[in-house]
Amino acid sequence: MSVVQLLTPEGQRVSHPGYDINLSDSELRGLYRDMVLVRRVDTEATALQRQGELGLWAPCLGQEAAQVGSARAMAPNDFAFPTFREHGVTWSRGIAPLDMLAMCRGVSNGGWDPQVHRCGPYSIVIGAQVLHGVGYAMGIQFDGAEDVAVTYFGDGAMAQGDVNEAFVFAASFSAPVVFFCQNNQWAISQPRDQQSNIEIYERAAGFGFPGVQVDGNDVLAVMAVTKVALERARTGNGPTLIEAYTYRMGAHTTSDDPTRYRLAGELETWRLRDPIERLKVYLARQGIADRSFFDHIEQEGEELAEHIREGVRGMVPPRPESMFDDVYAEPHARMDEQRSKMREYLASFEDYVG
Amino acid sequence: MTEQHQQVFHLPDVGEGLTEAEIVKWLVATGDSVSVNQIIVEIETAKAVVELPCPYAGVIDALHVSEGEIVPVGSPIVTILVTAKAEDREPVLVGYGAKAEHEVRRRPRKSDGQQAAVAATATGTVTAARTKPLVRKLAKELGVQLDSVTPTGIGGVITREDVLGSSQNGHATKQPVTPAGCDDRQPVRGVQRAMADAMVRSAFTAPHVTEWVEVDVSRTLELVARLRIHVAFEGIRVTPLTIVAAAVIQAVKKYPRINSTWLETPEGADILTHHDVHLGIAADTPRGLLVPSVKSAGAMELTELARSIHTLIETARAGRSTPADLTGGTITITNIGVFGVDGGTPIINPGESAILAVGRILDRPWVVDGVVSVRPIMQLSMSFDHRVIDGALGSRALVSMANFLADPAVEMLMGPTTE
């Protein structure tokens with residue numbers, strides 16, 4: 001099966017025998033807005049890290065279509081399990097950018113309420129969230145609900161034990177889960193061709209569920225493929241592995257220097273496949289959006305960036321004893337004891353204001 | 001209402017737990033206007049070379065650190081004069097990237113008795129000498145009282161040298177102690193590390209073939225001599241390398257395939273043949289081997305080419321090459337003749353498919369029209385990636401370069417469409 005593509009890098013709408021999508025003009029404009037604003041959040045956060053305002057940031061530059069396209073395909077009650085790079089997913093689940101940045105500044109214990117947004121916290125442990133997602137999906141089965149869990153991970157995590165174990169469980173129990181792998185070509189400095197000698201999506205066959213490879217920089221194709229996988233899971237037919245073929249245009253994290261292990265030419269090649277540019281070309285050519293729309297989104301991005309800059313600089317570190325508040329849902333005697341011991345310890349310092 | 005005030009930007013921790021960084025290059029000078037997120041400086045940490053964006057819009061008031069200096073995280077590096085709303089606040093830096101002033105030790109509360117004693121003895125504040133655990137340990141070993149040491153470190157921190165300097169027992173040597181008979185071992189960093197990685201990557205992925213040919217460069221030297229005094233070349237440095245560059249560009253125009261990149265793809269591989277010639281020139285610089293490239297050299301007049309090559313090498317030697325200068329080459333020339341060498345088997349720059357090594361020019365016996373005469377001879381050695389360029393193509397391209405140097409004026413006039 002060929003790579004699913006509905007919009008070429010040149011912004012040409014093409015058809016695919018297995019997948020199609022029909023979106024209204026406003027939905028198309030919405031996807032464009034999502035991707036531009038996610039990119040603006042991402043570049044601002046990267047700059048803020050460089051200015052010492054964040055401890056760490058994992059840029060999603062180049063992966064906006066894969067993230068926005070898949071997350072916008074989800075139903076409101078479906079549940080996303082993201083990694084630390086899924087800013088386009090969390091954005092699409094309605095999470096405020098400042099909540100994403102608070103975690104990376106080390107002033108929040110996770111960022112947001114997973115139940116409210118139906119989106120788990122950023123998982124730093126590679127692949128762990130895939131097991132969480134399958135466990136959650138098996139819970140959905142017990143509840144008899146019609147929701148689907150979508151787990152996000154990268155090409156590097158395909159070699160992780162957790163991920164393979166999650167595949168086995170999901171296949172055995174036909175769990176309502178979509179495995180969404182963003183193959184961004186690099187597991188930090190390990191190139192994709194040293195990670196597997198077959199294509200990532202082909203590995204699904206060995207576990208007993210379908211795998212599909214989609215152009216991860218084509219937001220329309222990603223959305224179409226994800227919708228089919230979600231529907232399949234929702235109707236009791238079990239998991240699907242989606243390999244979104246994309247490219248991490250930035251560093252692995254702000255602590256990484258990709259120029260040490262990959263060639264500048266590679267980046268240039270992928271720049272020509274930019275997910276945002278192709279949609280912009282399509283919208284403009286079809287008359288779905290005009291100059292004033294693009295300018296407006298640009299302006300919205302600048303305002304958002306300023307809001308983030310000021311918001312981050314004004315963040316107040318939480319009181320240390322607040323770390324005990326969310327360990328249990330209900331008040332808990334052990335936590336109360338630890339909290340009061342910590343207060344006692346803090347009070348032993350001259351500069352502590354109680 | 002607006003007002004002007006100074007904002008100090010402190011060196012942040014751009015990695016995770018880094019303690020210091022080298023200021024590699026300032027991209028702004030005092031008096032320059034800057035905008036928010038404008039890249040103002042390149043720094044090199046133990047992990048990476050990183051560009052720092054400016055947190056404020058305003059005018060550069062002062063640069064506190066010079067290029068090449070290594071400073072600890074938290075040191076003030078630049079002050080910006082900001083014209084802004086009054087509610088702008090000093091940023092709180094997280095992680096290790098805190099303000100220099102933040103390192104005030106948290107002190108446990110004293111019992112009542114202790115506090116009374118402190119109040120009785122001191123009118124000023126009692127401050128512990130500020131230094132690092134290792135220096136504290138050294139001071140203890142040498143019997144140096146830290147309060148008696150004059151600190152010279154940033155923010156009044158006592159350095160290792162300060163302690164050694166005030167050591168009484170003649171132990172004050174500034175050289176690190178090396179065990180006798182120990183071999184010299186240096187960490188591989190920066191440019192040398194980049195060179196090592198690039199060479200390994202190229203040597204073990206691209207199957208190299210090297211061919212060489214000797215050429216009589218009398219006419220090239222004549223042409224160089226005439227161009228040097230030509231009015232169009234006034235103020236421009238013309239060398240045999242200029243003509244070699246022109247020869248390579250002409251060979252690319254005849255055989256575009258030698259100006260290609262091998263690309264691994266999910267389906268197998270592609271060969272990307274570049275339309276533009278971005279001509280890399282290997283330069284021996286104080287920082288090590290650098291290969292900056294002249295962008296779009298294929299479209300240049302000879303004057304422009306000569307000037308560009310000269311500027312490129314000077315910039316590299318001065319350590320001012322930008323990352324853009326150092327990437328994006330499509331074919332490279334390395335002038336090993338300057339070291340007095342005839343030829344070699346150069347390693348291709350990763351991402352390219354051919355590299356030409358230019359040997360020294362030496363008078364040698366040479367048969368011309370059946371008679372041995374003395375001629376200036378130069379050897380050209382070219383390595384090429386056999387995945388991209390086969391022996392026939394490589395040979396033709398190399399011979400075309402040699403022919404060009406044998407009679408450059410005619411070749412230039414004829415252009416790339418001969419043969």
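Just so we're clear, the structure is a prediction, and the values are computed from it rather than from any experiment. (Residues numbered from 1 in each chain as written. Chains lettered and ligands numbered in written order. Predicted model: local features only at pLDDT ≥ 70, side-chain atom pairs only at ≥ 80, totals over all residues. Heavy atoms only, no water.)

Asks: Could you clarify how one ought to interpret the packing of aromatic side chains in this entry?
Replies: Residues and elements named next belong to chain A. Tallying each qualifying case throughout the model produces 20 aromatic pairs over all chains. Taking the centre distance of 5.1 Å and the plane angle of 70 degrees together, the rings of Tyr 32 and Phe 294 count as edge-to-face. On the criterion of sequence distance, the pair formed by Tyr 32 in helix α1 (residues 25-50) and Phe 294 in helix α12 (residues 291-313) is long-range, its members being 262 residues apart. Each member of the pair, Tyr 32 as well as Phe 294, carries the same accessibility label: buried. On the basis of an interplanar angle of 10 degrees and a centroid distance of 6.1 Å, the ring pair of Phe 169 and Phe 173 is categorised as stacked. Judged by relative accessible area, Phe 173 falls into the partly exposed class, the value being 45%. Taken together, the ring pairs connect Phe 153, Phe 167, Phe 179, Phe 207 and Phe 209 into an aromatic cluster. Directly above the aromatic system of Trp 270 lies the positively charged group of Arg 273, at a separation of 4.4 Å from the ring centroid. (Phe/Tyr/Trp six-rings, centres within 6.5 Å; stacked < 30°, edge-to-face > 60°. Helix = DSSP H or I, 4+ residues; strand = E, 2+ residues; numbered from the N terminus. Buried < 20%, exposed > 50% of the residue type's maximum accessible area, 1.4 Å probe, protein only. Lys NZ or Arg CZ within 6 Å of the ring centre and 35° of its normal.)

Asks: Can you walk me through the packing of α1 of chain A against α12 of chain A in this structure?
Replies: Helix packing for two helices is described by the angle between their axes and how far apart those axes are. All names here are of chain A. Contact geometry of α1 with α12 gives a least axis separation of 9 Å together with a crossing angle of 35 degrees. Classified by chirality, the crossing of α12 by α1 is right-handed. From α1, Arg 29, Tyr 32, Arg 33, Val 36, Leu 37, Arg 40, Val 41, Glu 44 and Leu 48 reach across to α12, where they touch Phe 293, Phe 294, Ile 297, Glu 300, Gly 301, Glu 302, Leu 304, Ala 305, Ile 308, Arg 309 and Val 312. Classifying every residue of the contact of α1 with α12 gives 12 nonpolar, 1 polar and 7 charged. (Axes fitted to C-alpha atoms, helices over the stretch in contact; angles between N-to-C directions. Left-handed = near helix turned anticlockwise from the far one by under 90°. Contact = heavy atoms within 4.5 Å. Nonpolar A, V, L, I, M, F, W, Y, C, P; charged D, E, K, R; others polar.)

Asks: Looking at this structure, I do not really get the interface of chain B and chain A. What am I missing?
Replies: Interfaces are often sized by the amount of accessible area the parts lose when they come together. Every contact between the two is made by 38 residues of chain B and, on the other side, 33 residues of chain A. For the pair chain B and chain A, the two sides together bury roughly 3,000 Å², of which 46% comes from carbon and sulfur. At the junction of chain B and chain A, the tally comes to 9 residue pairs in polar contact (both at pLDDT 80 or more). Going through the elements one at a time, β5 (49-53) and α4 (190-203) of chain B are the ones with two or more residues in the side of chain B that touches chain A. A per-element tally of the side of chain B that touches chain A places β5 of chain B first, with 5 residues. (Buried area = accessible area lost by both parts, 1.4 Å probe. Polar contact = N/O pair within 3.5 Å; in protein donor to acceptor, adjacent residues only side chain to side chain.)

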